[in-house]
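Residue strings, one per chain:
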Amino acid sequence: MKISAPSFVIPATREKNVLYLKEFVDEVELLFFDSRHDFDMPEKSEIISLKDMGMTYSAHLPTDVDLNTADGWQTIDSYISTLSPLDPVRMVIHPVKSEFFIREAVKRKGLVIENTDFYGSFFDEAVAAGLKICFDNAHAGDFAGKFLERYAEHIAEYHLQGAVGDSHHKSLEHIEKTLLKSIADSAEKYDSTVCLEIFEEQGFLRSYEIIKEYT
């Protein structure tokens, strides 16, 4: 099991977050959400800086594109191309429930589809086509245990976050312990990465202490 964290744990640039996180994690997940604004796309100088840090990276690709269209995939391809010098080990993407999405996703090496708000046969079709899954426990809700049981061998990355009421991305102390142990056991068995999807420092540090108990 490898441990990862997003590039927004402290309120600073992606580069400063990588420098902060290097002593803790095996990977840093570079976050990209808003493709409509130029600031989201890293400049060449940032890519060079990130590469020089000698870190292993994954990426979370933008969620604001229509992946049922060729234009949407063109935007995704621009990120894939820009990030290619970093050799990301995987790139997480939010899927849409369509055969078109699956056909396009399998054409691109390293894409991992995150469970969002739908289940059922789509993920059966996706893994049958050769796609891997990123499992977010908060997205799964009450179905988390069943989803894990069904797809564990296909899960390449876990996004772990606690929830307090309607507030998400909290410390792992707010995840049910039986579920957390099942996730840790599965990640260890299949050599998956566990990303602590916490967006503030104290919650990350507490979560890091908790997950290290399972390694």
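Cut-offs applied
Every chain begins its residue count from 1, and numbering advances along the sequence as written. Whole-chain, interface and lining totals are the exception, using all residues; otherwise, since this is a predicted model, local features are given only for residues with pLDDT of at least 70 and side-chain atom pairs are given and counted only at 80 or more. Calculated side-chain values reflect all of the structure's heavy atoms, with hydrogen atoms and water omitted. Each helix is a run of H or I in the DSSP string that is no shorter than four residues. Each strand is a run of E no shorter than two, and both are numbered from the N terminus. Only protein chains enter the accessibility calculation, which uses a 1.4 Å probe; a residue is then buried when its area is under 20% of its type maximum, exposed when over 50%, and partly exposed in between. In what follows, residue pairs with any heavy atoms lying within 4.5 Å of each other are defined as contacts. A 1.4 Å probe and the Shrake-Rupley method give the accessible areas. Residues count as covered only by the protein chains that appear here. The positive count covers Lys and Arg only, the negative count covers Asp and Glu only, and His and the chain ends enter neither. Taken as the charge location is NZ of Lys, CZ of Arg, CG of Asp or CD of Glu. Stacked, edge-to-face and tilted labels apply to pairs of Phe, Tyr and Trp rings (six-membered ring for Trp) whose centres lie within 6.5 Å, assigned for plane angles under 30 degrees, over 60, and everything in between, in that order. Put simply, a salt bridge is a Lys or Arg side-chain nitrogen that is within 4 Å of an Asp or Glu carboxyl oxygen. Under the rule applied, a polar contact is a pair of N or O atoms within 3.5 Å (in protein, one hydrogen donor and one hydrogen acceptor; residues adjacent in sequence only if both atoms are side-chain atoms). Here the expected length of a helix is defined as 1.5 Å per residue gap, with one fewer gap than residues. Arc definition: directions from the helix axis to the C-beta atoms. Whether two strands pair depends on DSSP finding at least two bridges between them. All axes are obtained by fitting lines to C-alpha atoms, using only the stretch in contact for helices, and the reported angles, taken between N-to-C directions, cover 0 to 180 degrees.

**Examining the overall build of the protein**
Working step 1: Broken down by element type, the protein carries nine helices and 10 strands.
Working step 2: Along the three orthogonal principal directions, the C-alpha set of the protein runs to about 40 × 40 × 30 Å.
Working step 3: The burial tally for the protein puts 50% of its 215 residues in the buried class.
Working step 4: A separation threshold of at least 6 residues defines the contact pool for the protein, and within that pool the share at least 24 residues apart is 63%.
Working step 5: Here the protein has roughly 10,400 Å² of accessible surface; of this, 50% comes from carbon and sulfur atoms.
Working step 6: The average position of the 22 basic charges and that of the 38 acidic charges among the side chains of the protein differ by 4 Å.

**What to know about unusual backbone geometry**
Working step 1: Of note, Asp 87 is a non-glycine position whose phi angle comes to about 50°, a positive value.
Working step 2: When you line up the elements, Asp 87 lands in the loop between α3 (70-83) and β4 (91-93).
Working step 3: For Asp 191, which is not glycine, the phi dihedral falls at a positive 55°.
Working step 4: You can see Asp 191 is positioned in the loop between α8 (177-189) and β10 (193-196).
Working step 5: Looking at Asp 191, the relative accessible area reads 48%, which means it is partly exposed.

**Considerations on the packing of aromatic side chains**
To describe a pair of aromatic rings, you give the distance between the ring centres and the angle between the ring planes.
Working step 1: Throughout the structure, instances matching the rule amount to 13 aromatic pairs.
Working step 2: Measuring from centroid to centroid gives 5.2 Å for Phe 24 and Tyr 208, while their planes differ by 75°, and the two rings are edge-to-face. Here Phe 24 is found in the loop between α1 (14-21) and β2 (27-31), whereas its partner Tyr 208 is found in helix α9 (residues 201-212), with 184 residues between them in sequence.
Working step 3: Ring geometry for Phe 204 and Tyr 208: centres 6.1 Å apart, planes at 35°, overall tilted.

**Digging into the side chain of Asp 136**
Working step 1: Relative to the helices and strands, Asp 136 resides in strand β6 (residues 132-136).
Working step 2: Here Asp 136 is buried and forms no salt bridge, its nearest opposite-charge partner Arg 90 lying at an N-O distance of 14 Å.
Working step 3: Only 3.1 Å separates the side chain of Asp 136 from the side chain of Gln 161, close enough to count as a polar contact.
Working step 4: Residues contacting Asp 136, with those up to four places away along its chain left out, are Glu 114, Asn 115, His 159, Gln 161 and Glu 197.

**What about α9?**
Working step 1: Across its 12 residues, α9 extends 16 Å between first and last C-alpha, which sits within 8% of the 16 Å expected from 1.5 Å per residue.
Working step 2: Where α9 is concerned, the buried positions are Gly 203, Phe 204, Ser 207, Tyr 208, Ile 210 and Ile 211. Relative to the axis of α9, the buried residues are bounded by an arc of 165° and lie together on one face.
Working step 3: Packed against the buried residues of α9 are β1 (2-6), α1, β7 (155-160), α8 and β10.

**Structural notes on the side chain of Ser 192**
Working step 1: Inspection of the secondary structure puts Ser 192 in the loop between α8 and β10.
Working step 2: The buried category is assigned to Ser 192, whose relative accessible area is 1%.
Working step 3: There is a polar contact of 2.7 Å between the side chain of Ser 192 and the backbone oxygen of Ile 155.
Working step 4: When near neighbours in sequence (up to four residues on either side) are disregarded, Ser 192 contacts Met 1, Lys 2, Ile 155, Ala 156, Tyr 158 and Ala 187.

**Focus on the sheet that holds β2**
Working step 1: Strands sit in the order β1-β2-β3-β4-β5-β6-β7-β10 around a closed barrel of eight strands; the barrel is parallel. Strand-to-strand twist across the sheet, computed as the mean angle between neighbouring axes with direction ignored, equals 25°.
Working step 2: Direction of pairing for β6 relative to β7: parallel, over a ladder of four bridges. Directly across from Cys 134, in β7, lies its bridge partner Glu 157.
Working step 3: Strand contacts of α3: β2, β3 (56-60), β4 and β5 (111-114), with the helix running at about 160° to β4, the strand carrying the most contacts.

Scope: geometric values only; no functional claims are made or implied.
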